[in-house]
Amino acid sequence: MTPVNTTGADIPRAGRPAGFVRPTYADPGNVGYRAAMELVYPPVVALAKTMFRALDNKIEVEGAEHIPTSGGAVLASNHSSYLDFIYCGLGCQPAKRLVRFMAKKQVFDHKISGPLMRGMRHIPVDRKAGTAAFKHAIESLRGGEIVGVFPEATISESFTVKTLKSGAARMAQEAGVPLIPMAVWGPHRLWTKGRKKELTKRHVPVLIKIGEAIEVTADASPEAITAVLKERLTELLDAVQRAYPAKPSGPDDRWWLPAHLGGTAPLPSGTAA
């Protein structure tokens, strides 16, 4: 094996071992490179935390011990808000981990969000050419990153867990990393599909609950793993919904609760009225 300097420090020529390869900051395996590349993500996290404090968001994270402090992992969350990725990332802060989220390519093409997304090294997904995004995610996972996905693919307007795509299971299986379920509840009251966004709304509680890693074996089918993932996500989501401290202020404010909890959100697709 060719020895490589991963410290980023120079080594005098006389002290270099045979076959030594001097690293460049274009080498993603270089520790110095990875630290130097985190110029965008930490300030964005700090700004988000400042906004949370200003808006007096009551954020509670449970199960943070299930986030590995090192190594790759697939983080799979429910999806009820356009802001979910912010709070999912916050759930990994106790472990001091940054999450690389998979997001649709259009977000990367935007003149404002695009540079931020690329700077934070999130992963663009072109639905017409999904293979490239899958390979990118696998490389990130094998490189020790946490990759965040929303296996429902789109926001659930019923505020229940929809049918899941199998991509999260396939990525965890191929990369040989844990599959970690997470439920987030509350951000949909600020911005969700079909509702006017209220990003400055104050005192909105947000509950984040992280479950134990799902066993992903080489001989299990992605469909079987995905079925377990849906079951776990449903359990986690139900737990945070029932523990949520805020209640609707009146009949017209029940839109943010799922129908089975007395809300006026649409019934899940395929459910009989």
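Residues numbered from 1 in each chain as written. Predicted model: local features only at pLDDT ≥ 70, side-chain atom pairs only at ≥ 80, totals over all residues. Heavy atoms only, no water.

- In the nomenclature of an unreviewed UniProt entry, the protein corresponds to 1-acyl-sn-glycerol-3-phosphate acyltransferase from the organism Actinoplanes lobatus.

## Considering helix α6 (residues 130-142)
- The end-to-end C-alpha distance of α6 is 19 Å, a good match for the 18 Å that 13 residues give at a rise of 1.5 Å each.
- Every buried residue of α6 is accounted for by A133, F134, A137, I138, S140 and L141. The buried residues of α6 occupy an angular sector of 160° when the element is viewed end-on, so they sit on one face. In α6, the exposed positions angled more than 90 degrees off the buried face are occupied by T131, A132, K135, E139 and R142.
- Buried positions along α6 lie against β2 (73-77), β3 (99-104), β4 (123-125), β5 (146-149) and α7 (167-175).
- Directly beyond the C-terminal end of α6, a positive phi value near 95° is found at G144. (Helix = DSSP H or I, 4+ residues; strand = E, 2+ residues; numbered from the N terminus. Expected span 1.5 Å × (residues − 1). Buried < 20%, exposed > 50% of the residue type's maximum accessible area, 1.4 Å probe, protein only. Arc of directions from axis to C-beta. Contact = heavy atoms within 4.5 Å.)

## Some details on the sheet that holds β3
- The mixed open sheet is built from seven strands, whose spatial order is β1-β7-β6-β2-β5-β3-β4. Two strands in the sheet have a free side with no partner beyond their single neighbour: β1 (58-62) and β4. Here the average twist between neighbouring strands, direction ignored, is 20°.
- Pairing of β3 with β4 involves three bridges; the strand directions are parallel. Following the sheet pairing, K104 is matched in β4 by V125.
- Running at roughly 160° to β4, α6 makes contact with β2, β3, β4 and β5 of the sheet.
- Strands in contact with α7 are β2, β3, β5 and β6 (179-185); relative to β2, the strand with the most contacts, it is inclined by about 165°. (Pairing = 2+ DSSP bridges. Axes fitted to C-alpha atoms, helices over the stretch in contact; angles between N-to-C directions.)

## Quick look at the pairing of strand β7 (residues 205-210)
- Most of β7 sits out of view: six of its six residues are buried.
- Side chains of β7 alternate between two faces, with P205, L207 and K209 and V206, I208 and I210 buried alike.
- For β1 and β7, the ladder comprises five bridges, and the chain directions are parallel. If you follow K58 over to β7, its bridge partner there is P205.
- As paired strands, β6 and β7 are joined by four bridges and run antiparallel to one another. By the bridge assignment, M182 is partnered in β7 with I210.

## Some words on the packing of aromatic side chains
- A full pass over the atoms with the stated rule returns six aromatic pairs.
- Ring centres of F159 and W185 lie 5.9 Å apart, and the angle between their planes is 75°; on these two criteria the pair is classed as edge-to-face. Taken as a pair, F159 in the loop between β5 and α7 and W185 in strand β6 lie far apart in primary sequence, 26 residues in all. For the pair shown, F159 and W185 are each scored as buried.
- Ring centres of Y244 and W256 lie 5.6 Å apart, and the angle between their planes is 65°; this geometry places the pair in the edge-to-face category. With Y244 in the segment after α8 (222-243) and W256 in the segment after α8, the pair connects residues that are 12 residues apart, well separated along the chain. Exposure class is identical for Y244 and W256. Each is buried.
- In textbook terms, an aromatic cluster arises when at least three aromatic residues are bridged by ring pairs, as seen for F85, F101 and F150. (Phe/Tyr/Trp six-rings, centres within 6.5 Å; stacked < 30°, edge-to-face > 60°.)

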